[in-house]
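Residue strings, one per chain:
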Amino acid sequence: MRRAQGLALACLLSGCPSGQVDQRPTQALAQGSRYAVGELHLHAIEWTAQALGSRTQGLPDGLPVAGGLRLRGELALQRVAGRPGETLLALWFTRLDEHELVALGESVAFDAAGLIDVPVTVALAEDGSLTRAWYPSAAPSLLRHVMGGLLVRLDLRAATTGPRIIPVAHGLAEAVYSGEAGRLRRGLRGLVRLDAASTGAPGSATIVGATELGFDDRGALETLVAEEQVRSEDDGFASEDRFRLIRTRVLAGELLARPDLEHMLAVDPSAPRDTGEAEQMMARRFAEGMDLAGLALAVQDIDNGLLPPAGEVTRAVGLLRGWPELTPEVGALAARARSSHGRRLVFDLLAAAGTPEAQQMLRTLIADPTAAPERERPTLVQRFALIQRPESATGWFVLDLYDAADGELRRALLYPLGSLARRLQASDPWVAGLLHERLLVALAAEPSGPDLIAALAGLGNAGRPDDRGRLLAYLADADDDVRWTAIDALRELPGDDTTQALFAALTDRAPRVAARALALLHGRHLGPDDSVRLAALVDGRPLSPTLQTGLVAALTDRIADDPEVPAALRRLALASEDPRLRARIERALAAPDPS
């Protein structure tokens, strides 16, 4: 997942909408906008959300890369005032019976006290849209993120004759409406923006879901049931969101005091949200048990050849993200490390944290011969490729470093040139273009060997569609390493020509080149009509053990597509000398038909 990206827990909480929602007039006054003064509407709320990004290898790029939320309790709603064209409503949680954050596969407890009995004021326009929200200035950031995610789902506008762009859990989507008085269905039929994508563009991402709304005779909200699923193969992102709000009773409650909006924090519910506070909060949770002394001990241990215990790297990154003011002291550990292993660990942690302070420290350390000895610089500079949210200053620094470098260091910098070009494209396209230009110049110099491999890898990291033709040209190179790199560089560039080239590479004379092509076909580029083409590869020709294993994985997932697929698996079982692989095939063939 490219943004903490295609897949961050803060986005699960806030919904991360970007841009303005459609403000076209509706055909009639929206239901759900009529609330009597003094009435207290109580709703049972159940909300579960989960998202998963594909970036699971190596150090985490953010905390977390995958996560979820579970809330169950009661939400109160009361009209507190009226203004021309809008009604002011107060919303607050009266209780939360279940409140759990799940991140990186772990349950993270949090104190719900700051979320309960803290009213948030919203402006409900006559058309049913929420135009503004006001939070108490002293409210914890978690309340803003949780309540912000709730408000994204409370679009109560009536049906239109055509589609409307509305905020959804992970961006903006096109919705179509159906229903009659008192009942409304809002179906989602296409993403306009995906906030988990590196550029925000939805690409091939799909969204499936609908919201069912029910209103009483006066137009007050009775029920809201929403389900939403997003899948993005391009960005390795998947999410699922379920939200239920059921009115249980209406009471004659005590009227809340009119809010003092001038001294509250005003927020546009449809505007992009700063998730920094939520991420810092989560980072501090994950840093539990880690301090500077513990981090220094981890550097000392790895200097002595001992790998960090499971979870220690995550906690160390959490320490840097949660308390960025500690960055100088962490950076000093690089100069005190007694081996290249300790220095690499410090650089890894700073790059994975990726805060502005951490990026500044990386730029400082790489120029310090004590922290970055000359012989280690080609390895250490590649840590810039791990930064998921690079600043422009980091892009300029690496650009200047590349222009002044030669030999092995210059070659090593080609890798982060591509990664930074990709990640800076949205925030600073000028710098991104300059970084990418250096890669094109390096390739135009007709390099060979390691220089050519580095240039191709850099273009792969940049992931620009207009480079596809350049990369495809190298699939016929005589060097196995060059062909493998060119195949791998196509990983972010799906397309018909890429698919055809990958199928052709399945018969490459180098087993690892063929295996890499198969892995890309299986994971990203394989369409439903290609199962028979894969099955045809098992035609009696010798297949390497690596390719056999990859084919079993790919064909097993497509066993119901065509009778040729199970037939190919049977041929593989007969040809394989690996008893574990044969047993895996037998289990797949014996499994019931999933259809």
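Look above for the structure.
Only a predicted model underlies this, so the values are computations on that prediction, with no experimental measurement involved.

K.L.:
Could you clarify how one ought to interpret the overall build of the protein in this entry?
P.N.:
When its secondary structure is counted, the protein shows 21 helices and 13 strands. On the protein, roughly 25300 Å² of surface is accessible, and the fraction owed to carbon and sulfur atoms is 51%.

K.L.:
I would appreciate a short explanation of the nonpolar core in the present structure.
P.N.:
Across soluble globular proteins, nonpolar side chains have a tendency to be buried as a group. One finds Leu-295, Leu-534, Leu-551, Leu-555 and Leu-572 to be the most contacted residues of the largest nonpolar core, which totals 98 residues. Ranked by size, the runner-up nonpolar core spans 53 residues in total, among them Leu-71, Phe-93, Leu-221 and Phe-237.

K.L.:
Sorry, what's going on with the pattern of salt bridges here?
P.N.:
Where charged atoms from two side chains of opposite charge come close, those side chains can pair. The tally for this structure, following the rule as stated, stands at 33 salt bridges. With a closest N to O distance of 3.6 Å, Arg-95 and Glu-74 form a salt bridge. Of this pair, Arg-95 sits in strand β3 (residues 86–103) while Glu-74 sits in strand β2 (residues 66–83); the two residues are 21 residues apart in sequence, bridging distant segments of the chain. Among the salt bridges present, the one from Glu-437 reaches Arg-438, with a minimum N-O distance of 3.6 Å. With relative accessibility at 19%, the residue Arg-438 sits in the buried group. Among the ionic contacts, a cluster of salt bridges with common partners joins Arg-70, Arg-72, Glu-74, Arg-95, Asp-97, Glu-98, Glu-100 and Arg-249.

K.L.:
Honestly, the pairing of strand β11 (residues 221–232) in this entry has me stumped. Any pointers?
P.N.:
Each regular strand shows side chains that alternate between the opposite faces of the sheet. The pairing of strand β10 (residues 206–215) with β11 spans ten bridges and is classified as antiparallel. Bridging across to β11, Leu-213 finds its partner in Leu-224. Taken together, β10 and the strand that follows it, β11, pair antiparallel across an intervening segment of five residues, in which Gly-219 is found at a positive phi of about 95 degrees. For β11 and strand β12 (residues 237–252), the ladder comprises ten bridges, and the chain directions are antiparallel.

K.L.:
Any chance you could explain helix α20 (residues 564–575) here in plain terms?
P.N.:
Each α-helix winds once per 3.6 residues, and so residues spaced three or four apart point in a common direction. With twelve residues, α20 ought to run about 16 Å at 1.5 Å a step, and its terminal C-alpha atoms sit 16 Å apart, in line with that. Here α20 has its buried residues at Val-565, Pro-566, Ala-568, Leu-569, Leu-572 and Ala-573. On an axial view of α20, the arc spanned by its buried residues comes to 155 degrees, and they lie on one face. Turned more than 90 degrees from where α20 packs its buried face, Leu-574 and Ala-575 sit exposed. For α20, the elements touching its buried residues are α18 (531–535), α19 (545–556) and α21 (579–590).

K.L.:
Can you walk me through the side chain of Glu-312 in this structure?
P.N.:
Take Glu-312: it is sitting in helix α5 (residues 312–322). Of the side chains bearing the opposite charge, Arg-315 lies closest to the buried Glu-312, which forms no salt bridge; the N-O distance is 4.3 Å. The contacts of Glu-312, once residues within four sequence positions are left out, are Met-290 and Ala-298.

K.L.:
Honestly, the environment of Asp-303 in this entry has me stumped. Any pointers?
P.N.:
Inspection of the secondary structure assignment puts Asp-303 in helix α4 (residues 292–303). C-alpha of Asp-303 to C-alpha of Arg-338: the two residues are 35 residues apart in sequence and 6.2 Å apart in space. Residues contacting Asp-303, with those up to four places away along its chain left out, are Ala-337, Arg-338, Ser-339, His-341 and Gly-342. Side chain to side chain, Asp-303 and Ser-339 meet in a polar contact 2.4 Å long.

K.L.:
What is the right way to look at the packing of aromatic side chains in this model?
P.N.:
In this description, a pair of aromatic rings is defined by centroid distance and the angle of the planes. For the structure shown, the criterion picks out two aromatic pairs. Note on Trp-47 and Phe-243: the rings are 5.6 Å apart at their centroids and 80 degrees apart in plane angle, and the pair reads as edge-to-face. Taken together, the residues Trp-47 in strand β1 (residues 39–53) and Phe-243 in strand β12 connect sequence positions 196 residues apart. A relative accessible area of 0% means that Trp-47 is categorised as buried. On the basis of relative accessibility, which here comes to 0%, the residue Phe-243 falls in the buried class. Consider the rings of Phe-384 and Phe-397, whose centres lie 5.8 Å apart with planes at 45 degrees: the pair is tilted. Of this pair, Phe-384 sits in the loop between α9 (377–380) and α10 (392–404) while Phe-397 sits in helix α10, and the two are 13 residues apart along the sequence.

K.L.:
Please explain α4 as it appears in this structure.
P.N.:
Its twelve residues give α4 an end-to-end C-alpha distance of 17 Å, which sits within 8% of 16 Å, the value for a rise of 1.5 Å per residue. Listed as buried for α4 are Leu-295, Ala-298, Val-299, Ile-302 and Asp-303. In an axial view of α4, the angular spread of the buried residues amounts to 140 degrees, which keeps them on one side of the axis. On its buried face, α4 sits against α5, α6 (327–336) and α7 (340–353). At the exit of α4 stands Gly-305, carrying a positive phi of roughly 90 degrees.

Conventions adopted
- Residues numbered from 1 in each chain as written.
- Predicted model: local features only at pLDDT ≥ 70, side-chain atom pairs only at ≥ 80, totals over all residues.
- Heavy atoms only, no water.
- Helix = DSSP H or I, 4+ residues; strand = E, 2+ residues; numbered from the N terminus.
- Areas by Shrake-Rupley, 256 points an atom, 1.4 Å probe, with all protein chains shown as cover.
- Core = buried A, V, L, I, M, F, W, Y, C linked by side-chain atoms within 4.5 Å.
- Buried < 20%, exposed > 50% of the residue type's maximum accessible area, 1.4 Å probe, protein only.
- Salt bridge = Lys/Arg side-chain N within 4 Å of Asp/Glu carboxyl O.
- Pairing = 2+ DSSP bridges.
- Expected span 1.5 Å × (residues − 1).
- Arc of directions from axis to C-beta.
- Contact = heavy atoms within 4.5 Å.
- Lys, Arg positive; Asp, Glu negative; His and termini not counted.
- Polar contact = N/O pair within 3.5 Å; in protein donor to acceptor, adjacent residues only side chain to side chain.
- Phe/Tyr/Trp six-rings, centres within 6.5 Å; stacked < 30°, edge-to-face > 60°.

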